[in-house]
Amino acid sequence: MKRYNISLIKGDGIGPEIVDEAVKVLDTVAGACSFTLDYKEYLMGGIAIDETGVPLPTETVEGVLKSDACLFGAIGGEKWDTLPRDLRPETGLLKFREEMGVYANLRPAIVYDELVNASTLKPEVIEGCDIMVVRELIGGIYFGQPRANDGQKAYNTMVYTKPEIERIGKQAFEFAMKRDKRVCSVDKANVLEVSQLWRDTMEEIAKDYPAVELTHMYVDNAAMQLVRNPKQFDVIVTGNIFGDILSDTASMVVGSIGLLPSASTGDKTAIYEPIHGSAPDIAGQGIANPIATIESAAMMLRYSLGEVEAASKIETAIRNVLKDGYRTKDLAAYDAKEVVTTAEMGDIIANYIK
Ligand SMILES: NC(=O)C1=CN([C@@H]2O[C@H](COP(=O)(O)OP(=O)(O)OC[C@H]3O[C@@H](n4cnc5c(N)ncnc54)[C@H](O)[C@@H]3O)[C@@H](O)[C@H]2O)C=CC1
Ligand SMILES: CC(C)CC(=O)C(=O)O
Ligand SMILES: [Mg+2]
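Residues numbered from 1 in each chain as written. Chains lettered and ligands numbered in written order. Predicted model: local features only at pLDDT ≥ 70, side-chain atom pairs only at ≥ 80, totals over all residues.

As annotated in an unreviewed UniProt entry, the chain carries the name 3-isopropylmalate dehydrogenase and comes from Arcobacter roscoffensis. The record in UniProt for the chain states the following under Catalytic activity (unreviewed entry): "(2R,3S)-3-isopropylmalate + NAD(+) = 4-methyl-2-oxopentanoate + CO2 + NADH". Quoted straight from UniProt, the Subunit (unreviewed entry) entry for the chain says "Homodimer." (UniProt positions renumbered as here; feature names shortened; annotations may be inferred.)

**Describing the packing of helix H11 (residues 308-323) against helix H12 (residues 342-353)**
Two numbers describe a pair of packed helices, the interaxial angle and the distance between the axes. Running from N to C, H11 and H12 point in directions that differ by 120°, and their axes come no closer than 9 Å. Along this stretch, H11 crosses H12, giving a crossing that reads as right-handed. Contacts between H11 and H12 involve Lys313, Ile314, Ala317, Ile318, Asn320 and Val321 from the former and Ile348, Ile349, Tyr352 and Ile353 from the latter. Its residues assigned to classes, the contact of H11 with H12 comprises 8 nonpolar, 1 polar and 1 charged. (Axes fitted to C-alpha atoms, helices over the stretch in contact; angles between N-to-C directions. Helix = DSSP H or I, 4+ residues; strand = E, 2+ residues; numbered from the N terminus. Left-handed = near helix turned anticlockwise from the far one by under 90°. Contact = placed C-beta atoms within 7 Å. Nonpolar A, V, L, I, M, F, W, Y, C, P; charged D, E, K, R; others polar.)

**Let's talk about the site of ligand 2**
Taken together, Glu90, Leu93, Leu94, Asp244, Ile275 and Gly277 make up the full set of residues near ligand 2. Its residues assigned to classes, the shell around ligand 2 comprises 3 nonpolar, 1 polar and 2 charged. (Near = placed C-beta within 6 Å.)

**Some remarks on helix H10 (residues 291-303)**
Every α-helix winds through 3.6 residues per turn, so residues three or four apart in the chain are directed the same way. Between the first and last C-alpha of H10 there are 18 Å, a value that for 13 residues agrees with the 18 Å anticipated at 1.5 Å per step. For H10, the set of buried residues is Ile291, Ala292, Thr293, Ile294, Glu295, Ser296, Ala297, Ala298, Met299, Met300 and Leu301. Along its buried surface, H10 packs onto helix H1 (15-33), strand S3 (69-74), strand S11 (263-265), strand S12 (271-272), H11 and H12. (Expected span 1.5 Å × (residues − 1). Buried ≥ 20, exposed ≤ 12 C-beta atoms within 10 Å, placed from the backbone.)

**Thoughts on the pairing of strand S4 (residues 104-110)**
Burial analysis of S4 places 5 of its 7 residues in the buried class, which makes it a mostly covered element. Where S4 meets strand S5 (residues 130-136), 7 bridges bridge the pair, whose relative direction is antiparallel. Among the inter-strand pairings, Leu106 is bridged to a residue of S5, identified as Val134. Pairing geometry for S4 and S11, over 3 bridges, is antiparallel. Paired with Leu106 across the strands is Ala263, a residue of S11. (Pairing = 2+ DSSP bridges.)

**Considering the site of ligand 1**
Taken together, 22 residues are adjacent to ligand 1, and Gly76, Gly258, His276, Gly277 and Asn289 come closest. Each residue belonging to the shell around ligand 1 can be placed in one class, and the counts come to 11 nonpolar, 7 polar and 4 charged.

**Overview of the nonpolar core**
Val25, Leu71, Val134, Ile236, Tyr272, Ala297 and Ile314 are the most contacted members of the largest nonpolar core, which totals 110 residues. Not counting residues up to four positions away in its chain, the partners in contact with Ile314 are Val25, Val29, Ile294, Ala297, Ala298 and Ile353. (Core = buried A, V, L, I, M, F, W, Y, C linked by C-beta atoms within 7 Å.)

**Comments concerning the sheet that holds S12**
Note: strands within a sheet are paired through backbone hydrogen bonds, in either parallel or antiparallel orientation. Read from one edge of the open sheet, 10 strands run S2-S1-S3-S12-S11-S4-S5-S10-S8-S9, paired in mixed fashion. Strands at the two margins of the open sheet, each flanked by one partner only, are strand S2 (35-42) and strand S9 (213-218). One ladder, built from 8 bridges, connects strand S1 (residues 2-11) with S2; its direction is parallel. Considered in S2, the bridge of Arg3 is made with Thr36. Where H10 meets the sheet, its contacts fall on S3, S11 and S12, and the angle it forms with S3 comes to roughly 165°.

**A closer look at the pairing of S5**
Extensive coverage of S5 is indicated by the burial of 6 of its 7 residues. Pairing between S5 and strand S10 (residues 235-238): 4 bridges, direction parallel. By the bridge assignment for S10, Val133 is matched with Ile236.

**A word on the confidence of the model for the chain**
In this model, the chain carries an average pLDDT of 97, and 100% of its residues clear a pLDDT of 70 or more. For this predicted complex, the interface confidence comes out at an ipTM of 0.99, alongside a pTM of 0.98. (pLDDT = per-residue confidence, 0-100.)

**Looking at the UniProt feature "binding site: substrate" (unreviewed entry) in the chain**
Mapped onto this structure's residue numbering, the UniProt feature "binding site: substrate" (unreviewed entry) falls at Arg97, Arg107, Arg135 and Asp220. For this annotated set, covering 124 residues, the C-alpha atoms extend up to 26.5 Å from each other, a dispersed arrangement in space. As for its placement among the helices and strands, Arg135 is situated in strand S5. Given 28 C-beta atoms within a 10 Å radius, Arg135 is considered buried. The residues contacting Arg135, other than those within four sequence positions of it, are Asn105, Arg107, Thr238, Asn240, Gly243, Asp244 and Ser247. Residue classification places Asp220 among the partly exposed positions, given that 13 C-beta atoms sit within 10 Å.

Structural data, given as structure tokens:
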């Protein structure tokens with residue numbers, strides 16, 4: 001029987017609640033598809049600060065690098081917000097992504113037929129919507145030097161080198177080749193030099209993909225177009241900060257941020273994580289939607305472990321659970337037959353797999 005080593009980082013806030021449900025579903029599907037998952041837990045974020053004094057312990061990076069894939073919950077919370085920047089949970093996460101070399105963050109935003117009434121947008125505007133946001137994850141303004149805040153003056157720097165743009169651009173075009181063959185590159189080239197280089201580089205890459213249509217859009221317009229007519233997009237490729245913002249925007253096309261998964265990939269171990277944060281406002285109440293994390297686990301099975309049948313089983317179970325009207329609180333207003341807790345949602349999805 002095949003065995004895989006999975007590193008788990010539960011993190012803070014709702015992190016442990018949603019990762020526990022994903023593990024429940026993973027174990028069920030592993031049983032159904034005859035493979036075994038061996039888990040090892042690692043600390044990161046606020047809990048790591050509390051227990052070890054740093055947001056990213058060395059053992060976490062070393063352990064994850066040795067594993068076949070990493071499932072990640074979320075980090076952060078008010079308790080750690082006043083710490084110096086280097087000690088904050090978010091700094092640990094950025095350092096983790098950098099150490100793992102996960103330059104491509106793939107954030108699918110797919111509207112489920114079963115949830116077509118869940119969006120604040122009209123059903124006809126979103127029906128069949130299927131967008132892949134390809135977000136650059138280890139460059140741009142979140143990482144650029146110099147950066148500082150002396151209490152009187154603060155600055156950050158947005159930097160992209162051509163090779164960084166080329167590697168994320170190629171990923172986007174490769175995805176587009178397997179989809180509707182349309183790439184929309186989002187930037188702010190009317191203002192930023194870094195976006196001018198981004199745009200020129202995307203044009204150069206496009207020459208190697210004549211079957212793919214490349215368009216460009218300024219990020220302010222892209223945010224507006226996402227909620228006006230999301231179906232115009234197939235693959236969106238963009239930098240770190242723009243992708244962060246646009247993917248949260250896209251979640252409202254789908255219905256809830258609790259539904260959107262992601263894969264953070266590079267040349268080493270990939271990280272699978274919901275796009276949302278630690279949601280401290282709802283932590284510990286059993287109302288978080290675990291579907292984004294369970295979908296992330298399905299992406300892990302598909303992309304890192306090659307367990308495609310198991311991934312499909314999870315995806316089908318989620319659709320059927322939603323079709324049958326089970327909803328966590330975030331989606332309670334949309335065709336709910338029964339409003340369930342985080343743990344009940346995990347149980348129900350697992351039962352639909354059995
Ligand atoms: N990857 C990560 O670990 C991330 C961490 N963060 C951190 O998370 C903390 C909270 O940040 P926020 O800006 O509030 O963003 P957030 O994504 O945690 O929450 C935004 C809103 O969405 C809701 N929400 C999020 N996930 C949900 C789920 N699964 N089910 C139902 N509702 C859900 C929350 O209740 C909240 O009202 C901060 O410390 C932030 O730095 C933020 C984004 C990503
Ligand atoms: C918390 C940040 C470091 C990242 C973020 O918001 C994200 O990756 O979605
Ligand atoms: Mg974000």
